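Geometric and topological summary
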Amino acid sequence: MSGRHIVMATVGSQGDLFPFLAVGRELRARGYRVTIGAHGIHRDAVLEAGLDFVLASGIAEPEDKAAFAARAFHPWRGPRFVVRDLAAADVASSYAALAPVCVDADAIVTSTLAFAGQILGETRRIAWLSAALSPAVFLSAFDPPATGIDWLDRFLRSSPRRGAWVRRIGETVTSPWTKAVRSFRQSLGLAPVSVWGDPFHRGQHARDGVLAMYSPLLGRPPQDSPAHSVVTGYCRYAPSGDVLPRELDAFLDAGEAPLVFTLGSAAVHAGETFLCESMAIATALGRRAVLLTGSPEMRARLPVVLPAGICAAEYAPHGALFARAAAVVHHGGIGTTQEALRAGCPELVVPHGFDQPDNAARVVRLGVGDALPASRYRADVAATKLRALLMDDGVALRAQRAAAVIRAENGASVAADVIEQTIARRVRT
């Protein structure tokens with residue numbers, strides 16, 4: 001090996017970052033220098049993990065997080081905004097930042113929206129692997145991602161022919177979103193798209209390997225995925241040592257296991273009524289509750305003095321908190337979904353967009369939870385669903401069995417093995 005240096009380029013929320021931090025720490029323990037290229041909001045998390053950070057985005061942090069989240073999680077226009085107006089528009093700035101870092105790299109690992117990293121992987125004489133952070137990334141005809149519309153999902157899953165139709169429609173509709181990427185590629189003297197296809201779909205899957213960095217409980221690569229796809233298992237990263245804040249720890253010690261309500265680090269700003277409805281749910285069920293507000297701005301929307309038995313915190317390590325929960329109500333982000341599985345408690349998933357409806361459907365198929373679209377999240381409906389989950393011994397048993405499986409996984413180690421093997425093959429060729 002030359003510099004024993006691996007670059008990881010990721011675009012998105014904490015759910016898109018944490019698996020890279022898990023694998024990066026494993027590689028660092030094996031003697032590699034690991035550089036994470038990401039948005040500036042992730043700088044502190046990367047440095048806390050002991051990895052190198054490079055600002056790989058020219059997009060400023062939004063001043064109005066609620067307005068930004070509302071655009072990003074709009075049910076129809078949100079994906080276009082995130083792909084076209086953020087990730088694709090940022091490709092030139094990201095390339096300029098990542099290219100110098102890749103000069104001495106042995107490999108680059110890229111996420112779905114890391115378009116500049118994909119170009120560098122394609123054109124540099126280094127190993128290039130990509131990450132599929134959830135099953136929906138494969139957009140398979142044999143395992144089409146769920147939309148959250150029950151009748152439509154049943155129809156699409158009834159035959160691969162219908163799933164293939166969804167994939168063709170998806171690729172056609174979203175192709176204009178990556179126009180800026182195609183133009184930038186041409187400015188570098190490259191073809192508008194790679195030989196693998198559009199960068200948002202099949203073109204994102206790397207030449208040398210695809211790391212499906214999630215638990216096989218949620219699915220395995222379908223038969224129409226790239227042949228060199230490997231399910232690593234859950235690549236778990238626990239920030240802050242998985243230790244709870246003192247006040248929250250004391251609250252948990254003071255009574256029965258609470259309900260936990262969270263919309264993660266991004267969707268929480270789009271769910272204006274989520275926290276208030278969640279308080280009403282806890283009251284209706286006579287349960288204690290923990291509300292993760294995500295930011296001081298969202299905490300300010302709640303009463304200054306909360307009802308007895310309800311605690312609010314901006315953030316808490318999910319692993320430590322979920323392990324002490326009676327049930328978790330969450331948005332269906334892939335990391336949060338897997339932490340809830342690992343905790344072995346029932347889940348009520350309230351998907352807001354992107355891969356979240358599909359992750360919710362997989363939780364339901366596992367028999368460990370239920371789903372409720374964000375547009376229908378009201379205290380009466382959600383309380384009924386939660387009450388049923390909490391009273392179902394079968395759900396509890398299946399959740400505990402799933403927890404035993406996912407706790408035994410070491411996705412970061414498996415991913416690091418694949419990366420090392422890929423580098424070795426690349427050196428020999």
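The text that follows walks through the structure, step by step, so that each part is easy to find. (Residues numbered from 1 in each chain as written. Predicted model: local features only at pLDDT ≥ 70, side-chain atom pairs only at ≥ 80, totals over all residues. Heavy atoms only, no water.)

**Observations regarding the overall build of the chain**
The criterion, for reference: Under the scheme used here, helices are H or I runs from DSSP no shorter than 4 residues and strands are E runs no shorter than 2 residues, and both carry numbers assigned from the N terminus. We compute the radius of gyration over the C-alpha atoms and compare it with the globule rule, which gives 2.2 Å times the number of residues raised to the power 0.38. Burial classes: relative accessible area under 20% of the type maximum marks a residue as buried, over 50% as exposed, and values in between as partly exposed (1.4 Å probe, protein chains only). Contacts are residue-level and defined by heavy atoms, with any inter-residue pair within 4.5 Å sufficient. Each accessible area value is a Shrake-Rupley result obtained with a 1.4 Å probe; residue values ignore everything except the protein chains displayed when judging cover. The sign given to each residue is positive for Lys and Arg and negative for Asp and Glu; His and the chain ends receive no count. All charge positions are set by atom: Lys at NZ, Arg at CZ, Asp at CG, Glu at CD.
Within the chain, the regular secondary structure consists of 18 helices and 13 strands. Against the compact-globule benchmark of 22 Å for 429 residues, the chain has a radius of gyration of 21 Å, which places it among compact chains. Projecting the C-alpha coordinates of the chain onto the three principal axes gives extents of approximately 65 × 45 × 40 Å. Across the 429 residues of the chain, 55% fall into the buried class. Considering only residue pairs separated by 6 or more positions, the chain has 64% of its internal contacts joining residues 24 or more positions apart. For the chain, the accessible surface area stands at approximately 18,100 Å², while carbon and sulfur atoms represent 54% of it. Where the 45 positive side-chain charges of the chain centre and where its 40 negative ones centre are 6 Å apart.

**A look at the sheet that holds strand β11 (residues 327-330)**
What links the strands of a sheet is backbone hydrogen bonding, and the strands pair in either a parallel or an antiparallel sense. Filter applied, for reference: In this description, strands pair whenever DSSP reports at least two bridges between them. Under this scheme, a helix contributes an axis fitted over its contacting stretch, all axes are lines through C-alpha atoms, and angles between N-to-C directions fall in the 0 to 180 degree range.
Read from one edge to the other, the open sheet built from six strands follows the order β10-β9-β8-β11-β12-β13, with strand pairing classed as parallel. The open sheet terminates on both sides in strands that have one partner only, identified here as β10 (310-313) and β13 (369-371). Taken over all neighbouring pairs, the strand axes of this sheet differ in orientation by 15° on average, direction set aside. Sheet topology note: the β11/strand β12 (residues 347-349) ladder contains three bridges and is parallel. Residue pairing across strands places V329 opposite L348, the latter belonging to β12. Against the sheet, helix α15 (residues 356-366) makes contact with β12 and β13, and its axis sits at roughly 140° relative to β13, the strand it touches most.

**Quick word on a negative patch on the surface**
Our working definition: Only residues above 30% relative accessible area that lack a salt bridge enter a patch, with like-charged residues linked at up to 9 Å and the nonpolar side chains Val, Leu, Ile, Met, Phe, Trp and Tyr linked at up to 5 Å. We define a salt bridge as a contact between a side-chain nitrogen of Lys or Arg and a carboxyl oxygen of Asp or Glu at a distance within 4 Å.
Where like charges cluster on the molecular surface, the negative patch consists of E63, D64, E297 and E314. Of note, E63 is situated in the loop between β3 (52-55) and α3 (65-72). Taking the relative accessible area as the measure of exposure, E63 reaches 84% and is therefore exposed.

**Side note on the packing of helix α5 (residues 91-101) against helix α6 (residues 115-123)**
Rules: With respect to orientation, any angle under 35 degrees is reported as roughly parallel, any angle over 145 as roughly antiparallel, any angle of 65 to 115 as roughly perpendicular, and every other angle as oblique. Crossing chirality is assigned from the near helix's rotation relative to the far helix, an anticlockwise turn below a right angle marking it left-handed and a clockwise turn marking it right-handed.
One can describe the packing of α5 onto α6 by two numbers: an axis separation of 8 Å at closest approach and a directional angle of 50°. Here α5 is positioned oblique relative to α6, judged by the angle of their axes. Crossing geometry of α5 relative to α6 is assigned as right-handed. Between α5 and α6, the contacting residues are V91, S94, Y95, L98 and A99 on the first element and F115, A116, G117, I119 and L120 on the second.

**A closer look at the sheet that holds strand β4 (residues 107-110)**
Ordered in space as β3-β2-β1-β4-β5-β6-β7, the seven strands form an open sheet in which the pairing is parallel. Of all the strands in the sheet, the pair left with one neighbour each is β3 and β7 (229-231). The average undirected angle you get between the axes of adjacent strands in this sheet is 25°. Strand direction decides the pairing type here: strand β6 (residues 210-212) and β7, joined by three bridges, are parallel. Considered in β7, the bridge of A212 is made with V231.

**Quick word on the environment of A402**
Relative to the helices and strands, A402 is located in helix α17 (residues 393-407). Once you skip the residues sitting within four places of it in the chain, A402 turns out to touch L217, L341 and V368.

**A word on the nonpolar core**
Heads up, the rule is: Nonpolar cores are built from buried Ala, Val, Leu, Ile, Met, Phe, Trp, Tyr and Cys residues. Side-chain atoms within 4.5 Å join them into one set.
Counting residues in each nonpolar core, the largest one holds 34 residues, and the members touching the most others are L98 and F115. Counting residues per element, the ones that place at least two in this core are β1 (5-9), α3, α4 (78-88), α5, α6 and α9 (179-187). Considering each element in turn, this core owes the most residues, six residues, to α4. When neighbours within four sequence positions are excluded, L98 is seen to be in contact with V7, A9, G37, V54, A56, A116, G117 and L120. With 33 residues, the next largest nonpolar core counts A22, A131, C235 and I423 among its residues.

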